[in-house]
Amino acid sequence: MSQIALFVITWSAILIAVTAAARQMPAEISNRTLYPLLAKPLSRWEFLLGKFVGVNLMCLFSLVVLYAIFLIVAWRAGTMPGWIVAQNFYLRFLSLALLVAMTLFLSLLLTHAANVCLSLLLAIGASTFSTALSLVHDKLSGLQLRLAEALYFTLPHLDLFNLNGKVVHGWEPVAAWVLVYLTLYALGYIAQLLGAAGLLLQRRML
Amino acid sequence: MSAIRVENLVVEYPKGPFRPPHRAVAGISLCVEPGEVVGFLGPNGAGKSTTIKSLLGFIFPKSGRIEVLGHPAGSRPSKRRLGYLPEVALYYPFLSARETLLMYGRLMDLPERELKKKVDETLALVGLSGKEDVRLKHYSKGMQQRVGIAQSILGDPDLMIFDELSSGLDPVGRRDLRAILSRLRAAGRTIFFSSHELSEVELLCDRIIIINHGRVLLEESLEKVRAQREGRSLEDFFVEVTTGDGPSRGEGGGRHD
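Residues numbered from 1 in each chain as written. Chains lettered and ligands numbered in written order. Predicted model: local features only at pLDDT ≥ 70, side-chain atom pairs only at ≥ 80, totals over all residues. Heavy atoms only, no water.

### Observations regarding the overall build of chain B
Quick reminder of the rule: Helix numbers and strand numbers start at the N terminus; a helix is a DSSP run of H or I with at least 4 residues, a strand a run of E with at least 2. Every radius of gyration here is taken over C-alpha atoms, with the globule rule written as 2.2 Å times N^0.38, N being the number of residues. Summary of the burial criterion: residues with accessible area below 20% of their type's maximum are buried, those above 50% are exposed, and those between are partly exposed, where the area comes from a 1.4 Å probe applied to protein chains only. By definition in these notes, contact holds between two residues if any of their heavy atoms fall within 4.5 Å. Surface accessibility in these figures is a Shrake-Rupley result with a 1.4 Å probe; residues are shielded only by whichever protein chains are displayed. Only four residue types enter the charge count, namely Lys and Arg as positive and Asp and Glu as negative; His and the chain termini do not. Where a charge lies is defined by one atom per residue type, namely NZ (Lys), CZ (Arg), CG (Asp) and CD (Glu).
Of regular secondary structure, chain B possesses ten helices and ten strands. Computed over its C-alpha atoms, the radius of gyration of chain B comes to 19 Å, within 12% of the 18 Å expected for a compact globule of 257 residues. Taking the principal axes of its C-alpha atoms as reference, chain B extends roughly 55 × 50 × 35 Å. A burial count over chain B gives 51% of its 257 residues as buried. Put simply, of all contacts in chain B between residues at least 6 apart along the chain, 66% involve residues at least 24 apart. When the accessible area of chain B is evaluated, it comes to approximately 11400 Å², of which 51% is carbon and sulfur surface. Across chain B, the 37 positively charged side chains and the 34 negatively charged ones have centroids separated by 5 Å.

Following this line, the structure appears as structure tokens:
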């Protein structure tokens with residue numbers, strides 16, 4: 001039961017993050033709400049950062065609601081998880097922030113529909129890729145292996161942020177250094193993606 | 001220091017990797033001095049909006065130099081004392097007019113204590129008193145345009161740039177707008193605006209600049225234009241200039257620094 005609930009929370013949150021992030025920039029440009037804003041003393045970088053923070057606050061709110069429902073149901077059923085659920089919440093939020101940065105970046109390159117599709121595909125890929133690759137790694141060779149390894153080192157590994165299984169099976173909280181490492185890992189990707197998005201926006205004719 | 005100084009502005013829009021770019025502005029130079037009200041005229045596609053967007057730093061020129069209030073176009077200092085009304089813009093439908101102006105005021109770093117007073121004054125000036133707490137999704141197009149005008153004049157900017165000034169306004173709205181602009185003009189504000197409403201231009205401007213195909217055709221004070229017109233309407237004069245039958249910049253001796 002907890003497994004299904006956490007699975008639903010994970011993918012609901014991913015869906016919310018991707019759909020919300022994907023429409024921010026295209027909607028601002030097509031509705032022209034961007035023009036009066038950027039005519040004020042506000043840089044394009046600040047605007048992009050504001051969008052990133054705004055979508056993340058919305059994701060945080062969604063996660064709080066979803067996890068609150070999960071915990072209330074678990075408490076009533078007498079299957080209250082340990083402190084690892086708080087770590088799971090934090091890592092889920094970090095992975096969503098990474099996904100939001102990626103979707104904002106892609107929204108400056110692709111149409112809205114293409115961006116939603118690709119971002120969701122990348123979210124699925126990034127959530128399962130390292131597991132899938134470890135299963136088939138020994139059977140790959142030559143160009144296939146190089147391609148798979150290139151993808152392995154390029155794509156962010158969202159499955160690293162997934163503690164659902166450990167929550168379900170009542171594991172002890174993970175060590176603090178793991179959280180620090182994953183925070184730096186996520187922040188590194190976010191900085192690169194927002195930096196690339198900022199450069200694209202900076203050069204775009206509005 | 002000029003309020004706006006544009007030198008040999010060239011703007012091109014890329015049309016694809018194997019096609020030549022579209023040249024929207026082909027070497028415009030113009031100058032607007034503080035306290036002037038200048039009408040920027042031209043037929044559709046002449047390059048007015050492109051020039052105005054270049055002044056705001058929304059698009060980047062291929063070549064040329066633009067200074068707004070003594071700073072490079074699009075820079076933060078140039079935008080600090082600038083009000084801009086876009087040709088077509090929507091404002092966030094989930095905000096009220098008051099919330100919208102508060103948001104823009106905060107972006108302009110207006111002191112919070114003065115901001116609420118200024119917002120109320122500005123809303124009264126554009127005729128939105130009593131409707132300031134209604135969500136913008138319930139506003140008509142004309143009322144939204146009034147919100148746009150309000151955000152552009154909020155905080156008494158030194159320079160106001162209006163793209164298609166009276167777009168979407170009914171006759172009452174236009175009359176109110178003229179009254180607002182007359183008041184701003186009397187207060188010594190610099191206004192640079194594009195419009196297709198030549199009667200409005202005639203009433204408000206000190207000077208007009210007519211462009212077509214991305215080039216300045218005429219830059220002249222309204223007084224001199226009146227003298228050149230010899231009884232014809234400004235509309236006839238405009239058509240003659242833009243179709244090439246009228247006095248060219250070289251012949252007319254338009255002012256250009």
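### Comments concerning a nonpolar patch on the surface
Inclusion rule: Patches here are clusters of residues that have more than 30% relative accessible area and form no salt bridge, with a 9 Å joining cutoff for like charges and a 5 Å cutoff for nonpolar side chains (Val, Leu, Ile, Met, Phe, Trp, Tyr). Salt bridge, as used here, is a side-chain nitrogen of Lys or Arg placed within 4 Å of a carboxyl oxygen of Asp or Glu.
A contiguous nonpolar patch, built from Leu 109, Leu 110, Leu 118, Leu 121 and Ile 124 of chain A and spanning about 420 Å² of accessible area, is present on the exposed surface. Its place among the elements puts Leu 121 of chain A in helix α5 (residues 112-136).

### Side note on the sheet that holds strand β6 (residues 82-85) of chain B
Residues and elements named next belong to chain B. This is how the line gets drawn: Being paired, for any two strands, means DSSP has found at least two bridges between them. Here the axes come from fitting lines to C-alpha atoms, over the contacting stretch only for helices, and the angles between their N-to-C directions go from 0 to 180 degrees.
One open sheet holds the six strands; their spatial order is β6-β7-β8-β3-β9-β10, and the pairing between them is mixed. Across the chains shown, the open sheet's two edge strands, defined by having one partner strand only, are β6 and β10 (215-221). Across the sheet, the mean angle separating the axes of adjacent strands is 15° when strand polarity is ignored. Alignment of strand β7 (residues 159-162) against strand β8 (residues 190-194), held across four bridges, turns out to be parallel.

### Section: unusual backbone geometry
Residues and elements named next belong to chain B. Backbone geometry places Asp 109, a non-glycine residue, at a positive phi of 60°. By the element assignment, Asp 109 lies in the loop between α3 (97-107) and α4 (112-125). The phi dihedral of Asp 156 falls on the positive side, at around 45°, and the residue is not glycine. Take Asp 156: it is sitting in the loop between α5 (141-153) and β7. By relative accessible area, which is 39% here, Asp 156 ends up partly exposed.

### Side note on the environment of Ser 78 of chain B
Residues and elements named next belong to chain B. Our working definition: In the analysis that follows, any N or O atom pair within 3.5 Å is treated as a polar contact, provided that within protein one partner can donate a hydrogen and the other can accept it, and provided that, for residues neighboring in sequence, both atoms belong to side chains.
Mapped onto the elements, Ser 78 comes out in helix α2 (residues 76-80). C-alpha of Ser 78 to C-alpha of Ala 97: the two residues are 19 residues apart in sequence and 26 Å apart in space. Other than its neighbours up to four places away in sequence, Ser 78 contacts Val 68, Leu 69, His 71, Pro 72 and Ala 73. For Ser 78, the side chain forms a polar contact with the main-chain oxygen of Pro 72, separated by 3.5 Å. Reaching out from Ser 78, the side chain makes a polar contact with the backbone oxygen of Ser 75 at a distance of 2.7 Å.

### Comments concerning helix α4 (residues 84-107) of chain A
An α-helical turn contains 3.6 residues, so a residue and the one three or four places further along point in the same direction. As a reminder, the rule being used: Take the residue count of a helix, subtract one, and multiply by 1.5 Å to get its expected span.
In a regular helix each residue adds 1.5 Å, so 24 residues correspond to 34 Å; α4 of chain A covers 34 Å between its end C-alpha atoms and thus fits that length. In terms of residue burial, α4 of chain A counts as a mostly covered element, since 20 of its 24 residues are buried.

### What about the confidence of the model for chain B?
Residue and element names in this part refer to chain B. Basically, it comes down to this: pLDDT: the predictor's confidence for each residue, scored from 0 to 100.
For chain B, the mean per-residue pLDDT works out to 87, and 95% of the residues sit at or above 70. Low pLDDT (under 50) marks residues 248-257, which in the prediction has 26 contacts with non-local residues, meaning those over four places away or in another chain. The complex model carries a pTM of 0.88, and its ipTM stands at 0.86.

### As for the interface of chain B and chain A
Our working rule: By convention, the term buried area covers the 1.4 Å-probe accessible surface removed from two parts as they join, with the contributions of both added. Put simply, Ala, Val, Leu, Ile, Met, Phe, Trp, Tyr, Cys and Pro go in the nonpolar bin, Asp, Glu, Lys and Arg in the charged bin, and everything else, Gly too, in the polar bin.
At the junction of the two partners, chain B supplies 25 residues and chain A supplies 20 residues. Both sides together, the interface formed by chain B and chain A hides about 2100 Å², and carbon and sulfur atoms give 62% of it. Its salt-bridge partner being Glu 46 of chain A, residue Arg 76 of chain B comes within 2.7 Å of it at the nearest N-O pair. Counting across the interface, chain B meets chain A through twelve residue pairs in polar contact (both at pLDDT 80 or more). Going through the elements one at a time, β1 (4-13), α1 (48-56), α2, β6 and α3 of chain B are the ones with two or more residues in the side of chain B that touches chain A. For the side of chain B that touches chain A, the residue count by class is 18 nonpolar, two polar and five charged.

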